[in-house]
Amino acid sequence: MLCGLALALAALPSPARAGEPSTLRVASKSFTESVVLAEIAADLERAAGFAVEQQVGLGGSRVLWDALTSGAIDTYPEYTGTLLDEIFVGQDDDHGASGAPSRDRAWLADKLAARGIGMTGPLGFNNTYAIGMTAARARALGVATVSDLRARPELRFGFSNEFMSRHDGWPALRQRYGLPQEKVQGLDHDLAYRALAGGAIDATDLYTTDAEIRRYDLLPLRDDLQFFRRYDAVFLYRLEIATRLGPTAVKALERLSGRIDEATMVTLNARAKLDRTPQGEIAADFVRERFGIAVTPPAPGRTLALLHRVGEHLVLVGISLLAAILVAIPLGIVAAKQPRLGQVVLAVVGVVQTLPTLALLVFMIPFFGIGAVPAIVALFVYGLLPIVRNVHAGLSGIPDSLRESAEALGLTPWARLRLIELPLASPLVLAGIQSAAVINVGTATLGALIGAGGLGQPIFTGIRLDDMGLVLEGAIPASLLALAVQGLFELVERFLVPRGLRHRAETERPG
């Protein structure tokens with residue numbers, strides 16, 4: 001029944017389902033500007049006659065790049081500085097602002113074409129990095145340039161998680177400027193702005209077109225050693241779409257070249273972040289005003305969209321849990337019956353459980369693309385340990401006297417396992433499956449970062465837009481779903497497991 005409900009909810013209409021030959025897959029990163037640009041591109045493609053499937057709010061640059069080169073998406077907005085310093089790092093000797101943008105673009109075009117990727121002309125604005133502080137704090141400390149930070153080792157830095165590890169991020173910036181700060185932590189980009197405004201950190205990385213600079217009265221410090229190069233916004237696209245969809249698809253993207261200057265982009269970001277205008281409405285207004293095209297993007301009602309997200313979430317959890325049960329129970333039996341091999345099995349599934357969820361999701365993209373499949377594989381991996389461990393504990397805890405009695409009755413090993421051992425271990429087995437299910441309900445929210453949908457979508461959108469209502473729209477159903485799953489398994493246990501065995505399981509259940 002649960003699987004049927006999940007499939008029914010997941011089948012509810014959603015914007016621009018894929019499957020049509022003329023479908024173009026437009027994606028964006030997980031920050032507002034990227035989402036707005038992707039919405040604008042999607043509107044222009046719809047106006048050109050193409051069905052559009054949107055994957056908004058995915059992870060960072062590497063996630064989108066891997067998805068594009070693997071064919072999981074067709075186009076997304078990117079920045080030339082990111083391509084030079086993150087994607088093709090080490091293949092260009094000229095780092096920093098001294099590199100001529102025209103030469104950079106020609107060099108990039110050749111590199112991209114070799115990977116089957118095309119690039120539009122610059123959209124018209126340079127959204128480079130900057131290090132920023134609140135204006136009041138910077139004035140009080142006499143800090144105006146990045147070099148001035150060298151005299152302030154006590155300052156607390158909080159950078160976006162991607163900036164912490166990028167080749168054009170904190171490690172290289174620290175080396176270039178000789179910065180001594182040690183109080184450095186990684187944060188979500190949008191949360192970093194709030195931490196800066198609230199005084200929890202003293203400096204963070206800014207995108208120079210972000211509306212928060214004006215909102216929080218921030219001062220971008222002058223990059224006096226010219227560390228950051230230009231980050232001209234462009235669209236990357238798969239060259240094969242010109243063959244698959246026709247040249248009109250590429251022409252629709254090229255219409256944006258030179259049409260969005262920095263002031264316009266700041267205004268668009270401000271409408272989304274400060275005025276809380278829906279991004280689809282912002283894009284539609286821009287396309288109408290700039291190109292004279294009236295577009296109404298398809299969008300379900302809010303209730304219908306939430307039901308669809310719940311269905312996606314149930315599918316992710318249900319399929320991954322079923323696969324984990326089918327694999328983990330035999331592994332648990334092997335671990336209990338073969339002690340030496342069992343130690344290896346428990347060690348392997350234990351180590352796998354320690355892998356960071358986001359790292360595992362990103363690792364799956366080259367093999368499975370983006371969407372539900374890599375998320376299901378990751379959830380399957382995380383569901384193994386609780387079940388394997390509990391099956392092993394349940395079977396290992398059966399008294400030897402019961403096994404000897406079964407042998408005296410002439411039962412075969414298979415019959416002993418099926419008729420006696422597994423029924424006796426069933427309370428712990430069910431407890432392991434319940435733990436795996438509850439864990440997966442929570443972990444599945446991260447699948448939204450790779451386009452798997454589910455209840456993580458409104459959560460991450462709400463974080464990005466500083467909209468607590470959207471955060472709760474995903475968080476509350478996810479919490480209720482976890483409680484419902486836990487209650488369902490407790491109900492199943494009451495019907496299937498005798499009271500005496502339930503009491504034994506509660507006293508012997510591993511911590």
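In this text the structure is predicted, and so the values were computed from the model without any measurement.

Some remarks on the packing of aromatic side chains
Enumeration according to the criterion identifies 15 aromatic pairs in this entry. Their ring planes at 85° and their centres at 5.5 Å tell us that Tyr-129 and Tyr-231 sit as a pair that is edge-to-face. Of the two residues, Tyr-129 is situated in strand β5 (residues 129-134) and Tyr-231 in the loop between β9 (218-220) and β10 (233-238); the sequence distance between them amounts to 102 residues. Take Tyr-231: its relative accessible area is 1%, and that puts it in the buried class. Through pairs of rings, three or more aromatic residues link up here, namely Phe-31, Tyr-79, Tyr-129, Phe-157, Phe-159, Phe-163, Trp-170, Tyr-207, Phe-227, Phe-228 and Tyr-231.

With respect to empty space enclosed by the protein
Under the definition given, this model contains five cavities of 30 Å³ or more. Lining the largest cavity, in full, are Lys-29, Phe-31, Ser-61, Tyr-79, Thr-82, Asn-127, Tyr-129, Glu-162, Arg-166, Tyr-207 and Tyr-231.

Observations regarding the layout of surface pockets
In this model, the second largest pocket occupies a volume close to 810 Å³. Listed by contribution, the elements that provide at least two residues to the lining of the second largest pocket are α3 (61-70), α7 (161-165), α9 (189-197), α17 (357-368) and α21 (456-465). Per-element tally for the lining of the second largest pocket: the top contributor is α21, with five residues. Within the lining of the second largest pocket, the residues separate by chemical class into 14 nonpolar, eleven polar and eight charged.

Let's talk about the sheet that holds strand β8 (residues 204-207)
Within the open sheet, the three strands sit side by side as β8-β5-β9. Their pairing is antiparallel. Strands with a single pairing partner mark the edges of an open sheet, and in this sheet they are β8 and β9. Adjacent strand axes in the sheet meet at a mean angle of 50° when their direction is disregarded. Bridge count between β5 and β9: three bridges; the pairing is antiparallel. Bridged to Thr-134 within β9 is Leu-218. In this fold α9 packs onto β5, β8 and β9, with an angle of close to 120° to the strand it touches most, β8.

Criteria and cut-off values
- Residues numbered from 1 in each chain as written.
- Predicted model: local features only at pLDDT ≥ 70, side-chain atom pairs only at ≥ 80, totals over all residues.
- Heavy atoms only, no water.
- Phe/Tyr/Trp six-rings, centres within 6.5 Å; stacked < 30°, edge-to-face > 60°.
- Helix = DSSP H or I, 4+ residues; strand = E, 2+ residues; numbered from the N terminus.
- Buried < 20%, exposed > 50% of the residue type's maximum accessible area, 1.4 Å probe, protein only.
- 1 Å grid on protein atoms, 1.4 Å probe; cavity = no way out; pocket = protein on both sides within 12 Å on 5 of 7 lines; lining within 4 Å.
- Points joined across faces, edges and corners; volume = space filled by probe spheres on them.
- Nonpolar A, V, L, I, M, F, W, Y, C, P; charged D, E, K, R; others polar.
- Pairing = 2+ DSSP bridges.
- Axes fitted to C-alpha atoms, helices over the stretch in contact; angles between N-to-C directions.
- Contact = heavy atoms within 4.5 Å.

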